[in-house]
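# Fold and contact review
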Amino acid sequence: MSVDELCDPEGVLARQQARESSARSYARHLPVVPVRAEGMTVYGADGRTYLDCLAGAGSLALGHNHPVTVEAVRRVLDQGAPIHVLDLATPIKDEFTDTLLGLLPGELAGDARVHFCGPSGSDAVEAAFKLARTATGRSGLVTFTGAYHGMTAAALAASGNVAVRTPARVLDSGVTRLPFPQDYRCPYGVGGIAGERIAVEHARRLFDDPGSGMTPPAAVIVEPVQGEGGVIPAPDGWLRSLSALAGEHGMPLIADEVQTGLGRTGEMWGVDHAEVVPDIMVLSKAIGGGLPLAVIVYRSKYDVWEEGAHTGTFRGHQLAMAAGTATMRFVAENSLAERSRKLGDRLRAEFVDAMAELPAIGDVRGRGLMIGLDLVDPEASVDALGARPAAPGLARRVRAEALGRGLIVELGGRHSAVLRLLPPLTMTELEAEQVRDLVLDSIAAASAAWRP
Ligand code: PMP
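Values in this document were obtained by computation on a predicted structure and should not be read as measured data.

Turning our eyes to something else, we now look at the environment of Ser 159. On the secondary structure map, Ser 159 appears in the loop between helix H9 (153-157) and helix H10 (162-165). Separated by 11 residues in the primary sequence, Ser 159 and Tyr 148 have C-alpha atoms spaced 4.7 Å apart. There is a polar contact of 2.7 Å between the side chain of Ser 159 and the backbone oxygen of Ala 155.

And the structure:
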């Protein structure tokens, strides 16, 4: 009997709803019971197939069950190697570390230390904060509006989602939030290069001002492209200035590359677009080849921790390291960052072309295969910068229409009105065309049925 025949999808979904926490998230909007998956295709227990543009929230750089990751995992199992080793040295870890360090940007490639964290991006963010605090002897943090760094206490304190942070009573004293520059909904109301310049000037004057009220922070943390915040790329010039300012003020720059790392944005690392080399990089998702793994890498001068400063039981996941090594090599050897850039640029251009027909697409953003379509109320009037208000209801309809057509997509952004695409970097040209058509059809259908 096949797995598909064994399971009754309606029953599985009903039991999930009855038994799992009310905090479940993706499962609420994507009532799919995956039983098999290959590349970009997910086979549901309902007998349907889906194109997966969520891909483990961007973890599956090579898609589901890519032969090189499956083979890497199988090899470890066949060897009879221990799959849990705490933080002991193993040949598998040695190879992973070698591969990762060899791919790091700029001076970090020759000068980095790596710390294996508990397997989530959030835990690695916590580790980065602890390291920066230990190294600087300071405690505050500079973060940005719209940021997403995870769900553990310090990561949540640094994030922008007030609705999640407030009920959890997470303390965020010591966190200074600066506006993250963006063109479409410019926080300074001017847009374009003027908005970027003001953002730099704002930060500079704040850091220089002895009367700012801000005790000197331990670090600045930034996403090279905000993902959950609505697929907003950090402008290159702004990121360079931020890096320089952080250096001048003795604050390590932490790049949260959990989502942007390993070719996702069209360069190996998100910071490469601006040619910035951060002091600390937070990595997870794709570097584990789809299995749980998270690390921080940082300049050796920050290697100030005492023994046991950031421990944890699950920091030696050999299967994840083997899958991660295979994934990193495949991405590098097959120039998947470049592929991501080309496919992403083409898709974005096609979505821009469709805006005249589909006024619900207010803005098309992103880098590489990290794509966001800002869905707006097409009948509302535009603001001074030409932006219309976000349309979360319409966005939910689009997501449902997409699922009905066999396309798995998620929403993000401040108002959950940004349609996000995070397909595998191995997506074929044909699949890219299918994604484009399904997205545009879904927006057209949702727009026709929608009234604000
Ligand atoms: N940082 C960023 C930029 C992320 O996108 C995420 C996850 N979406 C995290 C941190 C947290 O990672 P995790 O969900 O594995 O804890």
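From this point, the narrative continues.
Mapping Gln 226 onto the fold places it in strand S8 (residues 225-226). Of note is the side chain of Gln 226, whose polar atom sits 2.9 Å from the backbone oxygen of Thr 145. Beyond its immediate sequence surroundings of up to four residues, Gln 226 is in contact with Phe 144, Thr 145, Gly 146, Ala 147, Phe 180, Val 231, Ile 232, Met 370 and Arg 414.

One can read the domain layout of the protein chain as domain 1 (3-65 + 335-449) and domain 2 (68-333). Counting residues at the interface gives 41 residues for domain 1, matched by 42 residues for domain 2. Of the roughly 3,100 Å² buried between domain 1 and domain 2 on both sides combined, carbon and sulfur atoms contribute 54%. The tally of links between domain 1 and domain 2 comes to 3 salt bridges. Residue Glu 228 is joined to Arg 420 by a salt bridge in which the shortest nitrogen-to-oxygen separation is 3.2 Å. Joining domain 1 to domain 2, the criterion identifies 21 residue pairs in polar contact (both at pLDDT 80 or more). Breaking the side of domain 1 that touches domain 2 down by element, the ones donating at least two residues are helix H4 (55-58), helix H14 (336-354), strand S13 (361-367), strand S14 (370-375) and strand S17 (418-421).

Further remarks concern the environment of His 273. Within the element layout of this structure, His 273 appears in the loop between strand S10 (253-256) and strand S11 (280-283). For the pair formed by His 273 and Ala 234, sequence separation is 39 residues and the distance between their alpha carbons is 9.5 Å. When neighbours within four sequence positions are excluded, His 273 is seen to be in contact with Asp 236, Thr 265, Gly 266, Glu 267 and Arg 367.

Attention shifts here to helix H12 (residues 236-248). Between the first and last C-alpha of H12 there are 19 Å, a value that for 13 residues agrees with the 18 Å anticipated at 1.5 Å per step. For H12, the full list of buried residues reads Trp 238, Leu 239, Leu 242, Leu 245 and Ala 246. Down the axis of H12, the buried side of the element spans an arc of 125 degrees, and every buried residue falls inside it. Of the exposed residues in H12, the ones pointing more than 90 degrees away from its buried face are Gly 247 and Glu 248. Tucked inside the fold, the buried residues of H12 contact strand S5 (141-144), helix H11 (192-208), strand S7 (219-222) and S10. Within two residues after H12, Gly 250 carries a phi angle of roughly 65 degrees, on the positive side.

Turning to the sheet that holds strand S12 (residues 295-299), a few remarks are in order. With mixed pairing, the 7 strands of this open sheet are ordered in space as S4-S12-S11-S10-S7-S5-S6. Unpaired on one side and paired on the other, strand S4 (112-116) and strand S6 (175-178) mark the two borders of the sheet. Strand after strand, the sheet turns through a mean of 20 degrees between neighbouring axes, direction not considered. Bridge count between S5 and S7: 2 bridges; the pairing is parallel. What sits directly across from Leu 141, in S7, is Ala 219. On top of the sheet, helix H8 (residues 121-136) reaches S5, S7, S10, S11 and S12; it is set at about 165 degrees to S11, its chief contact.

Thresholds, definitions, all that
Every residue gets a number counted from 1 within its own chain, in the order that chain's sequence is written. Since the coordinates come from a predicted model, pLDDT governs what is reported: local features require at least 70, and pairs of side-chain atoms require 80 or more to be given and counted, while whole-chain, interface and lining totals use all residues. No hydrogens and no water enter the side-chain calculation; it runs on all heavy atoms of the structure. Numbering of helices and strands starts at the N terminus; helices are DSSP runs of H or I of at least 4 residues and strands are runs of E of at least 2. What qualifies as a polar contact is a pair of N or O atoms within 3.5 Å, subject to a donor-acceptor requirement within protein and to the restriction that residues adjacent in sequence count only when both atoms come from side chains. Only heavy atoms enter the contact rule, under which two residues are in contact if any of them lie within 4.5 Å. Residue ranges for the domains trace back to a domain assignment, done automatically or taken from a database. Accessible area that two parts lose when put together, with a 1.4 Å probe and added across both, is what the buried area reports. The salt bridge criterion pairs a side-chain nitrogen of Lys or Arg with a carboxyl oxygen of Asp or Glu, the two atoms within 4 Å. In this analysis, the expected span of each helix is defined as 1.5 Å times one less than the number of residues it contains. Relative accessibility decides the category of a residue: with a 1.4 Å probe and only protein chains considered, values under 20% of the type maximum give buried, values over 50% give exposed, and everything between is partly exposed. The arc in question is the one spanned by the directions pointing from the helix axis to the C-beta atoms. Note: two strands are recorded as paired if DSSP finds a minimum of 2 bridges between them. Each axis is a line fitted through C-alpha atoms, and for a helix only the stretch in contact is used; angles between axes span 0 to 180 degrees, taken between their N-to-C directions.

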